Amino acid sequence: MKRYVIKIYGIVQGVGFRPYVYQTALRYHINGFVKNCGSYVIIDCEGLKKDIKSFLIDVVKKPPVLAQIRKIDVYSLDTYSYETFKILESSTNLEHFYYVSPDIATCNKCLLDIENMDSRYYHYPFTNCTDCGPRYSIIKDLPYDRMTTTMNDFMMCDECKKEYINPLDRRFHAQPIACKDCGPSLMLYNKEGKEIKVDNIIQYTAHLINQGHIMAIKGLGGFHLCCDAKNDEAVINLRKRKQRPNKPFAIMTKDIKHVNEIAVINDFEEEILRGKEKPILLLKKKENKILSKYIAPHLDTIGVFLPYTPLHALLLKQLDYIVLTSGNNKSSPITYKNEKVIEDLKEIADYFLIHDRKIERPLEDSVSKVILNKKQNIRLGRGVIPLTIAINHDKQIVALGMDEKSGYAFSQNGLITLSQYLGDLNQMACYEGFKNSMQNTIEFYNLNIDYIVTDKNHHLISSQYGSTLGKKRLEVYHHHAHMASCMGEFGLYDDVIGVIFDGTGLGDDDSVWGGEFFVGNRKTFTRVGHLEPVLIQGREKAIKDISRTAYSYLKHFDLEYNLRIECKKEKILEKAINHNINCFKTTSMGRLFDGVSYLINLIDEVTYDGEAAIRLESIVDNHIDKRYSYSLNVNHHQFILDFKEVIEGIVDDLKNEISPSIISSKFHLTIIEMVVDGVKLISDDTGINQVVLSGGVFQNQFLLEKCFNRLVEIGFKVYFNQKIPINDNGIAFGQLIIASQLIG
């Protein structure tokens, strides 16, 4: 007989791990116990050597599908003569807390249960098991047990308790287990707060949606605003009420067959849509007459996801396509409390479908897309968060990210954990939500912070907040953090060539950068190339009023073209630039995309982040192979990309009535050529062969894929963000990677 104690670290709570260990132990005649201990599961096992070997191979190599084993410690002890194998109660004397399961989309077995008339879960909208259901959104404390979740408000009925305590049942220790007799229930209200009593709430909700009404529907991480995606009038009303004129809406539909009717989808994209995360997935649109043309205006892509709760699945039995967008007012965080939803959303929603399971941690839906057959996270949220990545560092560091696309990250016990997307900190409600989430995280994970990391820009709200926390503070540059975010994801330590393209970020010369070529590592960087600096008039105004950007480029290069600007405004802009009034000098690639979009009459004013660049990409013609000329000027191991000829070429094409699609294609191909030429020049000078592509401009799929392929073809090893967002939602991770190297 042999006895071993095994500690297994990772996502091993709330994923059916203990019942799996129990069942496997019975199969191999193993005695002992398994027990939850917060950051790990402990297994004390005793049996014949060959049986223990088989038992451990199955436990470690074939764990439950939702489990993620990160570390294993094994100890050999004297035999204890256990007579049975048991699942013991979780320990309350916890060492470290860091592994928490994300919320998991409803599994296929539970979907069958809610359709089975003989099942006690028939049509029950909160059905779940150990393989699916809410986790992170309902947890209050660790270890993950029912009493530490918001499900503690509901006392289990006898039938649920039987399943909960039966180690051989699929719902053994499924903490959110519930049924219609003991669990959460639905309620329907109008905007005046009056409850509407009907026999079948879900069926009646579908009826209201079909009639063109706008609904607020409580999901896993908060409320969604919902309407019929085929109804022009309903979609227009939602846009008006939500003050969202152009930003695309996400569509939820019932199954892959319906996805295929509105979007182009490959096998890998289908796998993601069906998977345990069920993010909003950005897909290529198909020309169709099914959806309202106001869903994603002017774009060639559409965000689609499948039902991820039984409530959504039951609702979509009655409907084909629904708009499902964040339940919030313009620029506010998602609403998630029952007592606030009618007050918050009564100017938008006509009716409110509410349930009484509390949400402890509000979450937006995660957003992803497929790039070069790799899943790329665009926004971190439900199904993905908390996202943990190993790091060779034991300090407790908190990085506070950026103001827009905000989110934070922290390190503890050799792991970095990333927060969910938390909105724009320039909006007071989002800032309050950010602070509340940060404080909750400090308490939940029992953090004893050694360092705070912020951006070098002291004007940022996140930086100012960091200065109030009373901890040792490190500051890092924005674009270095972009580069480091990719290096950290892929375990890169040696020097790389970093190509960092985005809209705005403070550089080490106190100007606004955004079209950068670096040589560097996790600790340091050197700027070796960039776009030619241009004086842009308007500062923050220029981000939305992109006529200012276009005019500034023409003025800088002394070019004449009749823009769609009133004479009076043009004179004001000219005078302001001549006297450097409210101007900023920038090398931003994001601003260049904005300016070109305005020049070719694609868009006059930006209504959401990245709109101009997204629309410019959407009209690219893949059959075009021409580009514009440009100059690469080298001076003392640093080069400047002079793009005067690019703007000249665009102006000439406009005068010759060349189509915007051709101009966009030529412009994109020119930027790709700039990247390739810049990287080759740096590599020839340094011998570096590893390239990192990062920054929000590289959300442009055409640009990223072409740059990647061209560089790989000529022998470079190329990396781009995948798990970590390539945009500012990934900055906190990059900040923390840099800080860990600086601290040593």
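Remember, it's a predicted structure, so these values are computed and weren't measured experimentally.

1. Some words on the overall build of the chain
- A tally of regular secondary structure across the chain gives 22 helices and 31 strands.
- The globule rule puts the C-alpha radius of gyration for 744 residues at 27 Å, and the 27 Å found for the chain is close to it.
- In terms of overall dimensions, the chain has a C-alpha envelope of 85 × 60 × 50 Å along the principal axes.
- The buried share among the 744 residues of the chain stands at 60%.

2. A word on the pattern of salt bridges
- The full count for this structure, using the stated rule, is 35 salt bridges.
- One salt bridge connects Asp113 with Arg170, and the closest N-O pair in it is separated by 2.8 Å. Within this pair, whereas Asp113 is found in helix H3 (residues 108-115), its partner Arg170 is found in the loop between helix H4 (158-165) and strand E6 (186-190), the two being separated by 57 residues in sequence.
- Note that Lys257 is salt-bridged to Glu261, the shortest N-O span being 3.4 Å. Pair noted here: Lys257 and Glu261 are both in helix H7 (residues 256-262), with a separation of four residues, about one helical turn.
- The class for Lys257 is exposed, based on a relative accessible area of 55%.
- Where salt bridges share partners, they join Asp113, Arg120, Glu163, Arg170 and Arg171 into one cluster.

3. Considering the pairing of strand E9 (residues 250-253)
- Along E9, one buried face is formed by Ala250 and Met252 and the opposite face, lined by Ile251 and Thr253, is buried too.
- Bridge count for E9 against strand E12 (residues 301-305) is three bridges, and the pairing is parallel. Note that in E12 the partner of Ile251 across the bridge is Val304.
- Taken together, the three bridges between E9 and strand E13 (residues 321-326) define a ladder with antiparallel strand orientation. Residue pairing for E13: Ile251 is matched across the bridge by Val323.

4. Side note on the environment of Ser332
- For Ser332, the position within the fold is in the loop between E13 and helix H10 (338-345).
- For Ser332, a relative accessible area of 25% translates into the label partly exposed.
- When the C-alpha positions of Ser332 and Asp424 are compared, they lie 8.2 Å apart, and in sequence the two are 92 residues distant.

5. Let's talk about the packing of aromatic side chains
- Tallied over the entire structure, the rule returns 24 aromatic pairs.
- Seen in terms of ring centroids, Phe33 and Tyr82 are 6.1 Å apart; in terms of plane orientation they differ by 80°. Their pairing is edge-to-face. Of this pair, Phe33 sits in strand E2 (residues 31-36) while Tyr82 is found in the loop between strand E4 (68-77) and strand E5 (85-87), placing the two residues 49 residues apart along the sequence. The two residues Phe33 and Tyr82 agree in class, both being buried.
- For the pair Phe518 and Phe525, a centre-to-centre distance of 4.6 Å together with 35° between the ring planes defines the contact as tilted.
- With a relative accessible area of 0%, Phe518 lands in the buried category.
- Above the plane of the ring of Tyr121 lies Arg171, whose end atom (NZ or CZ) is 3.9 Å from the centre.
- One Lys or Arg, Arg382, reaches over the ring of Tyr308 and ends 3.5 Å from the middle of that ring.

6. Here's the deal with the packing of helix H19 (residues 644-655) against helix H20 (residues 660-686)
- At a minimum axis distance of 11 Å, the contact between H19 and H20 shows a crossing angle of 165°. Between H19 and H20, the crossing angle belongs to the class labelled roughly antiparallel. Pair H19 / H20 crosses with right-handed handedness. Here H19 contributes Val646, Ile650, Asp653 and Leu654 to the contact with H20, which in turn contributes Ile663, Lys666, Phe667, Thr670 and Met674.
- Residue composition of the contact of H19 with H20, grouped by class: six nonpolar, one polar and two charged.

7. With respect to the side chain of Arg591
- Tracing the chain through its elements places Arg591 in helix H17 (residues 589-599).
- When its relative accessible area of 8% is taken as the criterion, Arg591 is described as buried.
- A distance of 3.1 Å separates polar atoms of two side chains, one belonging to Arg591 and the other to Asp594.
- With sequence-adjacent residues up to four places away left out, Arg591 is seen in contact with Gly503, Thr504, Ile543, Thr549 and Tyr553.

8. Section: the sheet that holds strand E24 (residues 515-520)
- With respect to topology, seven strands assemble into an open sheet ordered E28-E29-E25-E24-E23-E30-E31, the strand pairing being mixed. Pairing within the sheet leaves two strands with one partner each, and these edge strands are strand E28 (631-634) and strand E31 (717-720). Each adjacent strand pair in this sheet contributes to an overall mean axis angle of 20°, direction not counted.
- In the sheet, E24 pairs with strand E25 (residues 525-531) via five bridges, with the strands oriented antiparallel.

9. Considerations on the packing of H17 against helix H18 (residues 611-618)
- Between H17 and H18, the shortest axis-to-axis distance is 8 Å and the interhelical angle comes to 65°. The handedness of the crossing between H17 and H18 is left-handed. Facing H17, whose interface residues are Phe593, Asp594, Val596 and Ser597, H18 presents Ala612, Ala613 and Leu616.

10. Quick look at the environment of Ile565
- Mapped onto the fold, Ile565 is located in the loop between helix H15 (547-556) and helix H16 (567-578).
- You can call Ile565 buried: its relative accessible area is 12%.
- For the pair Ile565 and Tyr551, spaced 14 residues apart in sequence, the C-alpha separation works out to 8.9 Å.
- Not counting residues within four places of it along the chain, the set of residues in contact with Ile565 comprises Ser547, Tyr551, Glu570, Leu573 and Tyr598.

11. Remarks on the side chain of Ser411
- Secondary-structure assignment places Ser411 in strand E19 (residues 409-412).
- For Ser411, a relative accessible area of 1% gives the class buried.
- From its side chain, Ser411 meets the backbone oxygen of Lys395 in a polar contact 2.8 Å long.
- Not counting residues within four places of it along the chain, the set of residues in contact with Ser411 comprises Lys395, Gln396, Ile397, Ile416 and Leu736.

12. Here we look at the pairing of E6
- With five of five residues buried, E6 lies mostly within the body of the structure.
- Here E6 shows two buried faces, one formed by Leu186, Leu188 and Asn190 and the other by Met187 and Tyr189.
- With five bridges joining them, E6 and strand E14 (residues 351-355) adopt antiparallel strand pairing. Paired with Leu188 across the bridge in E14 is Leu353.

How each quantity is defined
- Residues numbered from 1 in each chain as written.
- Predicted model: local features only at pLDDT ≥ 70, side-chain atom pairs only at ≥ 80, totals over all residues.
- Heavy atoms only, no water.
- Helix = DSSP H or I, 4+ residues; strand = E, 2+ residues; numbered from the N terminus.
- Rg over C-alpha atoms; globule rule 2.2 N^0.38 Å.
- Buried < 20%, exposed > 50% of the residue type's maximum accessible area, 1.4 Å probe, protein only.
- Salt bridge = Lys/Arg side-chain N within 4 Å of Asp/Glu carboxyl O.
- Pairing = 2+ DSSP bridges.
- Phe/Tyr/Trp six-rings, centres within 6.5 Å; stacked < 30°, edge-to-face > 60°.
- Lys NZ or Arg CZ within 6 Å of the ring centre and 35° of its normal.
- Axes fitted to C-alpha atoms, helices over the stretch in contact; angles between N-to-C directions.
- Parallel < 35°, antiparallel > 145°, perpendicular 65-115°, else oblique.
- Left-handed = near helix turned anticlockwise from the far one by under 90°.
- Contact = heavy atoms within 4.5 Å.
- Nonpolar A, V, L, I, M, F, W, Y, C, P; charged D, E, K, R; others polar.
- Polar contact = N/O pair within 3.5 Å; in protein donor to acceptor, adjacent residues only side chain to side chain.

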